[in-house]
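For reference, the chains in residue letters:
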Amino acid sequence: MSRTVHCQYLKKEAQGLGFQLYPGELGKRIFDNISQEAWTLWQKKQIMLINEKKLNMMNAEHRQFLEGAMTDFLFEGKDVEVEGYVPVKPE
């Protein structure tokens, strides 16, 4: 049975995550307050950040940067800006 949460990112009731995907207190906060849909949106942004900024997940500073961007995106409503990225406009 799927669970629902009031997603802080989407500002509505939505299907919650199946299990805690991120460790610690932040992971618990995400599990309790972020929907599967919002998490999927974050994962797309995360991939862009890792690739464009050439982040190394073995580097503690890079992980800290990514965690800050994740918190800003999911809980503060701040969009992730990737220098040089221009979204494709539908024709």
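Refer to the structure presented above.
Residues numbered from 1 in each chain as written. Predicted model: local features only at pLDDT ≥ 70, side-chain atom pairs only at ≥ 80, totals over all residues. Heavy atoms only, no water.

Caption draft 1: Fine view of the packing of aromatic side chains. Within the structure shown, the criterion is met by two aromatic pairs. With a centroid separation of 5.7 Å and 40° between ring planes, the pair formed by Trp42 and Phe73 is classed as tilted. On the criterion of sequence distance, the pair formed by Trp42 in helix α2 (residues 36-52) and Phe73 in helix α3 (residues 60-75) is long-range, its members being 31 residues apart. Phe73 shares its class with Trp42; the two are buried. Among the aromatic side chains, those forming a connected cluster through ring pairs are Tyr9, Trp42 and Phe73. Taking the ring centre of Phe75 as reference, the NZ or CZ of Arg29 above it sits at 3.7 Å. (Phe/Tyr/Trp six-rings, centres within 6.5 Å; stacked < 30°, edge-to-face > 60°. Helix = DSSP H or I, 4+ residues; strand = E, 2+ residues; numbered from the N terminus. Buried < 20%, exposed > 50% of the residue type's maximum accessible area, 1.4 Å probe, protein only. Lys NZ or Arg CZ within 6 Å of the ring centre and 35° of its normal.)

Caption draft 2: Representation of the environment of Ala14. Mapping Ala14 onto the fold places it in strand β2 (residues 12-15). Looking at Ala14, the relative accessible area reads 12%, which means it is buried. Between the C-alpha atoms of Ala14 and Phe65, which are 51 residues apart in sequence, the distance is 28 Å. For Ala14, the residues in contact, after removing those within four places along its chain, are Arg3, Thr4, Val5 and Ser35. (Contact = heavy atoms within 4.5 Å.)

Caption draft 3: Spotlight on helix α1 (residues 24-33). Leu26, Gly27, Ile30 and Phe31 are the residues of α1 that are buried. Viewed end-on, α1 has its buried residues packed into an arc of 135°, placing them on one side of the element. (Arc of directions from axis to C-beta.)

Caption draft 4: Molecular detail of the packing of α2 against α3. Packing of α2 against α3 brings their axes to within 11 Å, and their N-to-C directions diverge by 145°. Once α2 is placed against α3, the crossing between them reads as right-handed. Residues Ala38, Trp39, Leu41, Trp42, Lys45, Gln46, Leu49 and Ile50 of α2 touch α3, and the partners they reach there are Phe65, Leu66, Ala69, Met70, Phe73 and Leu74. (Axes fitted to C-alpha atoms, helices over the stretch in contact; angles between N-to-C directions. Left-handed = near helix turned anticlockwise from the far one by under 90°.)

Caption draft 5: View of the nonpolar core. Within the largest apolar cluster, 19 residues are counted, with the highest numbers of intra-cluster contacts made by Ile30, Ile34, Trp39, Trp42, Leu49, Met70 and Leu74. Elements that contribute at least two residues to this core include exactly α1, α2 and α3. No other element matches the six residues that α3 contributes to this core. In contact with Trp42, not counting residues within four places along its chain, are Leu49, Leu66, Ala69, Met70, Phe73, Leu74 and Val80. (Core = buried A, V, L, I, M, F, W, Y, C linked by side-chain atoms within 4.5 Å.)

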